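Listed below are the residues making up each chain.
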Amino acid sequence: MTSRNLRILAAIAGLVPVLALAHTGADGHAHPGFMSGFVHPFTGFDHLAVMLSVGLWSALAARRAGPGMLWGPLGFAAMLLVGAMLGLQGVQLPAVEPMIAASLLVTGLLVITRWRIPGVAAALLVGVFAIFHGLAHGYELAGSTDAAATLAGMLAATVLLHATGLALGWALRRANVWVPRLAGAGVAAFGVTLLTQLA
């Protein structure tokens, strides 16, 4: 493995120190507002990993640079917002936590395989999981007086994490194929761990 690949792997590993903070909001949105919403996706490894993985996969699977890479990230962000709005309204769906854990497994596998599917299908695939991530946030914010600003911050962070994943994925396209596969395997393994804990 070259020193460049080692640096990239170290950068990816540097994103993982929050592994101990599982889900349901380590901060719980105790002080709602834009900054609380912006910080929230960074405080749980499940949110962080899924959002980065969606960007990674979108870049790794793309035929070329361009708008086609944005289907997955935009689909995730849009459906995250839909899920959050449903959660704020008190809509109850079963298996929210298992679906969040499953999203880690699936997006990790997508990164490993670089599975190339049409843009709309990519948006729908990750969008299904995004609804459950959004629901979890919406439940946490129910009754908040500043939910709109908190959701705006969360959406901004989501877009930033997707963009970071896209940039990393594009940089890794020509790198040693095992570097992104190891990152994807780590995300998938974390998903399996959470699913096992929830079983």
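To be clear, the structure that these remarks concern was listed above.
Residues numbered from 1 in each chain as written. Predicted model: local features only at pLDDT ≥ 70, side-chain atom pairs only at ≥ 80, totals over all residues. Heavy atoms only, no water.

> Account for the overall build of the protein, naming residues and giving values.
Broken down by element type, the protein carries eight helices and zero strands. Secondary structure elements of the protein occur, N-terminal to C-terminal, as α-α-α-α-α-α-α-α. Contacts in the protein between residues at least 24 apart in sequence constitute 86% of all its contacts with a sequence separation of at least 6. (Helix = DSSP H or I, 4+ residues; strand = E, 2+ residues; numbered from the N terminus. Contact = heavy atoms within 4.5 Å.)

> Describe the nonpolar core, and please don't skip the residues or the numbers.
Of all hydrophobic cores here, the largest spans 32 residues; its most connected members are Trp-57, Phe-76, Leu-80, Leu-104 and Leu-172. When residues of this core are traced back to their parent elements, those giving at least two are α3 (45–61), α4 (71–88), α5 (96–113), α6 (119–141), α7 (147–172) and α8 (178–198). With near-sequence residues (within four places) excluded, Leu-80 lies in contact with Met-51, Ala-130, His-133, Gly-134, His-137, Met-154 and Thr-158. One finds Ile-100, Phe-132, Leu-135 and Ala-136 within the second-largest nonpolar core, a separate group that totals six residues. (Core = buried A, V, L, I, M, F, W, Y, C linked by side-chain atoms within 4.5 Å. Buried < 20%, exposed > 50% of the residue type's maximum accessible area, 1.4 Å probe, protein only.)

> Before we move on, can you summarise the packing of α3 against α8 with the specific residues and values?
In a pair of packed helices, the angle between the axes and the distance between the axes together describe the arrangement. Across the interface, α3 lies against α8 with an axial gap of 11 Å and an inter-helix angle of 140°. When the axis of α3 is compared with that of α8, the two are oblique. For the crossing formed where α3 meets α8, the hand is left-handed. Here Phe-45, Asp-46, Ala-49, Ser-53 and Leu-60 of α3 lie close against α8, whose contacting residues are Pro-180, Val-187, Phe-190 and Leu-194. Looking at side-chain class alone, the contact of α3 with α8 contains seven nonpolar, one polar and one charged residues. (Axes fitted to C-alpha atoms, helices over the stretch in contact; angles between N-to-C directions. Parallel < 35°, antiparallel > 145°, perpendicular 65-115°, else oblique. Left-handed = near helix turned anticlockwise from the far one by under 90°. Nonpolar A, V, L, I, M, F, W, Y, C, P; charged D, E, K, R; others polar.)

> Which residues make up a nonpolar patch on the surface, and what values do they have?
Together, Val-82, Leu-86, Val-91 and Leu-93 give the surface a local cluster of nonpolar side chains, amounting to about 250 Å² of exposed area. The residue Leu-86 is located in helix α4 in this model. Given the relative accessible area of 30%, Leu-86 is considered partly exposed. (Patch = residues over 30% accessible without salt bridge, like charges linked within 9 Å, V, L, I, M, F, W, Y side chains within 5 Å. Areas by Shrake-Rupley, 256 points an atom, 1.4 Å probe, with all protein chains shown as cover. Salt bridge = Lys/Arg side-chain N within 4 Å of Asp/Glu carboxyl O.)

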